[in-house]
Amino acid sequence: MNSKKYILRAGEASGFMEIRKITAGGKSAGSRFFACILCLFLIFSLCGCSLAVLDAGEESREDRMIGVLITREFLDMLSAQGTEGFPPDTDRGIRSSHDGKLYAEIDKSKGEDPTFWEISFGDLDGIQMLTPLWTMENGESYWGNVCTEGISDLDIRYNVLDDGEERSISGTIYIVSGNRNKPTAFYANPVYQTADGNLYVSQGRGVSASGDSPEGMEFSSALSEETTVTENGKTKTETSSLSVRYTFMDRPVRIKVCQMDSRHRVLKEEDYWPEDMPQELAAEADAEYILVETEKEGPSGEKTVSREAFSLPAEGELYLTSYRAREDGIVVKQETNIL
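Conventions used here
- Residues numbered from 1 in each chain as written.
- Predicted model: local features only at pLDDT ≥ 70, side-chain atom pairs only at ≥ 80, totals over all residues.
- Heavy atoms only, no water.
- pLDDT = per-residue confidence, 0-100.
- Contact = heavy atoms within 4.5 Å.
- Helix = DSSP H or I, 4+ residues; strand = E, 2+ residues; numbered from the N terminus.
- Buried < 20%, exposed > 50% of the residue type's maximum accessible area, 1.4 Å probe, protein only.
- Core = buried A, V, L, I, M, F, W, Y, C linked by side-chain atoms within 4.5 Å.
- Phe/Tyr/Trp six-rings, centres within 6.5 Å; stacked < 30°, edge-to-face > 60°.
- Salt bridge = Lys/Arg side-chain N within 4 Å of Asp/Glu carboxyl O.
- Pairing = 2+ DSSP bridges.

Low pLDDT marks stretches whose predicted atomic positions should not be read closely. Here the protein chain averages 76 in pLDDT, and 75% of its residues register 70 or above. Below a pLDDT of 50 lies the segment residues 1–60, which in the model reaches 196 contacts outside its immediate sequence neighbourhood of four places, other chains included. When the criterion is pLDDT under 50, residues 80–98 qualifies, and its contacts beyond four places in sequence or with other chains add up to 31 contacts.

In structure tokens:
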């Protein structure tokens, strides 16, 4: 399973690190997921030190909440019975332990850092938004971020304090508007990491919306938890918070990409089905900006058009954003790199 991921370095020097408005989404036709890595290193020149590893010299630590697994169905693991640990009255083959934990299978055959991990929770289908801690060969620890397709508008914040640290991660799940006759429900199930690096999910709570669900309507779920860490006889507190916003959007049905010159004349115009948006597009020599026009269809068949302009930078990369709807009603935010 490929996904979009980032890496943060864990440390204990006082300071603040923030990453905002990072987009997570899928590729265009032929590929469902994509990945990228962002490595950040903070060096504080005023205090003359680099960020130390919080786990160095650790004596004791509780299991950390490092993310959430978002499912469309209630994850009933607390009622699991039997020596094999399978929940009763189910044919999905979801294995659970007696204490209500479902451990993940982590495939690290493609690499030791989370960028290349393939994480699965048996046959349980869900959207992952995780920030696992991993340790490199040199002993330094880093926070990785693993978000699978369906999470958009990713927002990561990391605050390092003298007496602990604060981590927060949030994202948006876009949903096709409508569904008048069926409630739209999501369950945010917390995921934990043990001291030896294992991951498990436990039963979470659900939120739902029913009735008319027009474009722009939204609801949300949030989780927060504190963990204590004893390091060299000193107790520190880690705070982890996660929030997911669920936003309804009319179904995207057509995307027009217009390359414009400085006099607002069309140099090139191309039409795409949302699922056929390319991963890369070549910019015209005289293009000043690119206009992306998205046609959407509402629950009753009504059509609307939205437009967004993207200026071509003098240096650096430009990514166009667009949306496509999956069969399950999740709307995926996707990116096109302008060459």
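Picking up after the structure, the text goes on.
Glancing now at the environment of Asp99. Structurally, the position occupied by Asp99 is in the loop between strand 7 (64–71) and strand 8 (101–103). Assessed through its relative accessible area of 47%, Asp99 is described here as partly exposed. For the pair formed by Asp99 and Ser202, sequence separation is 103 residues and the distance between their alpha carbons is 9.1 Å.

Tracing the chain through its elements places Ser322 in strand 26 (residues 318–325). The residues touching Ser322, leaving out its near neighbours within four places in the chain, are Ile255, Met277, Val332, Lys333 and Gln334.

Counting residues in hydrophobic clusters, the biggest one holds 23 residues, and the most contacted among them are Ile70, Met129, Ile151, Ile173, Phe186 and Tyr246. Elements with a contribution of two residues or more to this core: strand 7, strand 11 (127–130), strand 14 (152–161), strand 15 (164–176), strand 16 (184–193) and strand 20 (234–249). For this core, the element with the highest residue contribution is strand 20, accounting for four residues. Judged by nonpolar contacts, the second largest core, of 21 residues, contains Ile66, Leu75, Tyr158 and Val201.

A few words on the packing of aromatic side chains. Taken as a whole, this structure holds eight aromatic pairs when the rule is applied. Ring plane angle 75° and centroid distance 5.5 Å describe the contact between Tyr174 and Tyr323, whose orientation is recorded as edge-to-face. With Tyr174 in strand 15 and Tyr323 in strand 26, the pair connects residues that are 149 residues apart, well separated along the chain. Owing to a relative accessible area of 10%, Tyr174 belongs among the buried residues under this scheme. With a relative accessible area of 17%, Tyr323 lands in the buried category. Between the aromatic rings of Tyr192 and Tyr200, the centroid separation amounts to 5.4 Å while the plane-to-plane angle is 20°, which identifies the pairing as stacked. Comparing Tyr192 with Tyr200 shows no difference in burial state: the two are buried. Members of the aromatic cluster, joined through ring pairs, are Phe186, Phe219, Tyr246 and Phe248.

Here the focus is the pattern of salt bridges. This model, assessed by the stated rule, comprises 19 salt bridges. The partner of Glu149 in a salt bridge is Arg326, with the nearest N and O atoms 3.0 Å apart. With Glu149 in the loop between strand 13 (141–147) and strand 14 and Arg326 in the loop between strand 26 and strand 27 (330–338), this pair connects stretches of sequence that are 177 residues apart. Overall, Arg326 belongs to the buried group, its relative accessible area being 14%. Its salt-bridge partner being Asp261, residue Arg265 comes within 2.8 Å of it at the nearest N-O pair. Because the salt bridges share partners, they merge into one network encompassing Arg254, Asp271, Glu293, Glu295, Glu297, Lys303 and Arg307.

Relative to strand 25 (residues 303–311), strand 24 (residues 289–297) runs antiparallel, the two being bridged by nine bridges. When the bridges of strand 25 are listed, Val292 appears paired with Glu308. Linking strand 24 to strand 25, which pair antiparallel, is a turn of five residues; within it Gly301 sits at a positive phi near 90°.

Right, let's get into unusual backbone geometry. Trans is the common state for peptide bonds, and a negative phi is the common state for residues other than glycine. At Asp153, a position not held by glycine, the phi torsion is positive, near 50°. Counting through the fold element by element, Asp153 comes out in strand 14. Notably, His264 is not glycine yet its phi reads approximately 65°, a positive angle. Along the chain, the position of His264 falls in the loop between strand 21 (251–260) and strand 22 (266–272).

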